[in-house]
Amino acid sequence: MKKIVLMAMMMATGWSAMAQDTVETTVAADFVNQYIWRGQDLGNTAIQPTLGVAYKGLSLTAWGSVGVTEASDTKEFDLTLAYTAGGFNIGITDYWFNQNGLDPDGRYFKYDAHGTNHVFEANIGYDFGFASLQAYTNFAGNDGFNKDGKRAYSTYVELAAPFKLATVDWTASLGVVPFYTSFYGTEGFAVTNLALKATKDIAITDKFSLPVFAGVVGNPCSQKAYLVFGFTLQP
């Protein structure tokens, strides 16, 4: 799930919509050894393409994920509409999965509240420069349930701090789920994501470099830990 779109909604992709006087287009793809999102294991080796346009802080981005080693891995297609002004950002994401939803046939154009594989999420956040704070809440679609069996309005909050060390760009992240929801597998307030990610551009030619990244991710709630590696291709 996006991961991540672009700014807050697409933190999974690492692409940000910045205010521009001209239309900006993003075409890119990440290749990862495993798909880890907010401390959750969503699959094995995957290709994750991004296509986005932005104009004066407003952006529309498509992001996807498809497994390349396991046919059973979930396929994902997300659309995010976001707006950024200074450090402030707000957005809405439509997540879709071909499985693990209410429609066993995985139909994309089925939006029935009780039979859809779409999850709709709103986000709001602020980038202070030295750190950013983002909050995400599911408001419709195939959300999880609370302990009373009702819609949980599943919420995730993340604090991320970038820093530079030994010519490498690093980001430390802390993500929490504040209350019970089957969507994240929590039974109350829980830390679900502790991550440390490093990114470095590897020069291939005088005009082309390859961004390579690696990260350690831990989920204290599920007692799981992961080592993620990948690279990004972008014209």
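Residues numbered from 1 in each chain as written. Predicted model: local features only at pLDDT ≥ 70, side-chain atom pairs only at ≥ 80, totals over all residues. Heavy atoms only, no water.

## So, the overall build of the chain
Here is step 1 of the chain: A tally of helices and strands in the chain yields zero helices and 14 strands.
Here is step 2 of the chain: Its helices and strands taken in sequence order, the chain reads β-β-β-β-β-β-β-β-β-β-β-β-β-β from the N to the C terminus.
Here is step 3 of the chain: By the compact-globule yardstick of 18 Å for 235 residues, the chain fits well, its C-alpha radius of gyration being 17 Å.
Here is step 4 of the chain: Based on the C-alpha atoms only, the size of the chain along its principal axes is roughly 55 × 40 × 35 Å.
Here is step 5 of the chain: Of the roughly 12,100 Å² that the chain leaves accessible, carbon and sulfur atoms contribute 63%.
Here is step 6 of the chain: Of the charged side chains in the chain, 15 are positive and 21 negative; the average position of the first set lies 1 Å away from that of the second. (Helix = DSSP H or I, 4+ residues; strand = E, 2+ residues; numbered from the N terminus. Rg over C-alpha atoms; globule rule 2.2 N^0.38 Å. Areas by Shrake-Rupley, 256 points an atom, 1.4 Å probe, with all protein chains shown as cover. Lys, Arg positive; Asp, Glu negative; His and termini not counted. Charge placed at Lys NZ, Arg CZ, Asp CG, Glu CD.)

## A closer look at the pattern of salt bridges
Here is step 1 of the chain: Counting across every chain of the model gives four salt bridges.
Here is step 2 of the chain: A salt bridge links D143 to R151, with the shortest nitrogen-to-oxygen separation between them at 3.9 Å.
Here is step 3 of the chain: By relative accessible area, D143 is classed as buried at 7%.
Here is step 4 of the chain: The class for R151 is partly exposed, based on a relative accessible area of 29%. (Salt bridge = Lys/Arg side-chain N within 4 Å of Asp/Glu carboxyl O. Buried < 20%, exposed > 50% of the residue type's maximum accessible area, 1.4 Å probe, protein only.)

## Structural notes on the environment of P220
Here is step 1 of the chain: Inspection of the secondary structure puts P220 in the loop between β13 (209-219) and β14 (224-233).
Here is step 2 of the chain: Using a relative accessible area of 34% as the deciding quantity, one classes P220 as partly exposed.

## Observations concerning the sheet that holds strand β6 (residues 76-85)
Here is step 1 of the chain: One closed barrel accounts for twelve strands, arranged β1-β4-β5-β6-β7-β8-β9-β10-β11-β12-β13-β14; its pairing is antiparallel. Each neighbouring strand pair of the sheet contributes to a mean axis angle of 20°, computed without reference to strand direction.
Here is step 2 of the chain: Here nine bridges tie strand β1 (residues 24-32) to strand β4 (residues 46-55), and the two strands are oriented antiparallel to one another. From the neighbouring strand, F31 faces β4, where its bridge partner is I47. (Pairing = 2+ DSSP bridges. Axes fitted to C-alpha atoms, helices over the stretch in contact; angles between N-to-C directions.)

## Quick notes on the side chain of N138
Here is step 1 of the chain: Tracing the sequence through the fold places N138 in strand β9 (residues 132-141).
Here is step 2 of the chain: A distance of 3.1 Å separates a polar atom in the side chain of N138 from a polar atom in the side chain of D143.
Here is step 3 of the chain: Excluding its chain neighbours within four sequence positions, the residues that come into contact with N138 are V119, F120, E121, D143, Y153, S154 and F183. (Polar contact = N/O pair within 3.5 Å; in protein donor to acceptor, adjacent residues only side chain to side chain. Contact = heavy atoms within 4.5 Å.)

## A look at the pairing of strand β5 (residues 58-67)
Residues in a regular strand project their side chains so that they alternate between the two faces of the sheet.
Here is step 1 of the chain: Here eight bridges tie β4 to β5, and the two strands are oriented antiparallel to one another. Residue pairing across strands places I47 opposite V66, the latter belonging to β5.
Here is step 2 of the chain: Alignment of β5 against β6, held across eight bridges, turns out to be antiparallel. Looking at β6, one finds that T61 is bridged to T80.

## Side note on the packing of aromatic side chains
Here is step 1 of the chain: Taken as a whole, this structure holds 15 aromatic pairs when the rule is applied.
Here is step 2 of the chain: Summarising the aromatic geometry, the rings of Y111 and F120 are spaced 6.5 Å apart at their centres and angled 35° between planes, so their arrangement reads as tilted.
Here is step 3 of the chain: An aromatic cluster is defined as three or more aromatic residues linked by ring pairs; in this entry it consists of W37, Y95, Y136, Y156, F183 and Y184.
Here is step 4 of the chain: One cation-aromatic arrangement involves R38 over Y136; the distance from NZ or CZ to the ring centre is 4.1 Å.
Here is step 5 of the chain: Here the basic side chain of K197 rests over the ring of F213, its NZ or CZ set 4.7 Å away from the ring centre. (Phe/Tyr/Trp six-rings, centres within 6.5 Å; stacked < 30°, edge-to-face > 60°. Lys NZ or Arg CZ within 6 Å of the ring centre and 35° of its normal.)

## Section: the side chain of N89
Here is step 1 of the chain: Note that N89 resides in strand β7 (residues 88-97).
Here is step 2 of the chain: The exposure class assigned to N89 is buried, which follows from its relative accessible area of 1%.
Here is step 3 of the chain: Of note is the side chain of N89, whose polar atom sits 3.3 Å from the side chain of N123.

## A word on unusual backbone geometry
Here is step 1 of the chain: Phi is positive for K56, which is not a glycine, with a value near 50°.
Here is step 2 of the chain: If you trace the backbone, K56 turns up in the loop between β4 and β5.
Here is step 3 of the chain: Although it is not a glycine, Y153 adopts a positive phi angle of roughly 50°.
Here is step 4 of the chain: Mapping Y153 onto the fold places it in the loop between β9 and β10 (155-165).
Here is step 5 of the chain: What makes Y153 partly exposed here is its relative accessible area of 44%.

This is a description of form; function is not addressed.
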